[in-house]
Amino acid sequence: VQLQAYGGGLVQPGGYLRLSCAASGTIFSINAMNWYRQAPGKQRDLVGTITDAGRTDYADSVKGRFTISRDDTKNAAYLQMNYLKPEDTAAYYCNFRVLGRLLQWNDVWGQGTLVTVSS
């Protein structure tokens, strides 16, 4: 199973971006879909998560500005980021918990997509 994340780029403060992450391969089910981010020189932190039941949870720093959604028909997750701030600048990674062809649950990571918020 592979994850492909895309949608990053350069945006001005107050702007918006929508990140996407799609899984490919033999997939029987996807449990949680998560978004993480890692700023230069800092640890990777959880931005938010969406369960297979559609329940979402967010880091305090992004609550009210970011929204996670999922489309299980496409094995995809999305991160809508509004009112972006310079401190949101980071590489964003998707992470899915996937039931694959070996009928085992595995955590799979995408390659990361860079978001830069700057004027």
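In the block above lies the structure referred to throughout.
None of these values were measured; they are calculated from a predicted model.

(A) Region of interest: the pattern of salt bridges. If you walk through the whole model with that rule in mind, you get five salt bridges. Note that R37 is salt-bridged to D88, the shortest N-O span being 2.9 Å. Of this pair, R37 sits in strand β4 (residues 27-38) while D88 sits in the loop between β8 (76-81) and β9 (90-100), and the two are 51 residues apart along the sequence. Assigned by exposure class, R37 and D88 land together as buried. Two residues, D107 and R97, come together in a salt bridge whose shortest N-O distance is 3.3 Å.

(B) Broad picture of the side chain of S20. For S20, the position within the fold is in strand β3 (residues 17-24). Residue classification places S20 among the buried residues on the basis of a relative accessible area of 9%. With residues near it in sequence (within four places) discarded, S20 still touches Q4, A5, Y6, W35, A77 and Y78.

The rules behind the values
- Residues numbered from 1 in each chain as written.
- Predicted model: local features only at pLDDT ≥ 70, side-chain atom pairs only at ≥ 80, totals over all residues.
- Heavy atoms only, no water.
- Salt bridge = Lys/Arg side-chain N within 4 Å of Asp/Glu carboxyl O.
- Helix = DSSP H or I, 4+ residues; strand = E, 2+ residues; numbered from the N terminus.
- Buried < 20%, exposed > 50% of the residue type's maximum accessible area, 1.4 Å probe, protein only.
- Contact = heavy atoms within 4.5 Å.

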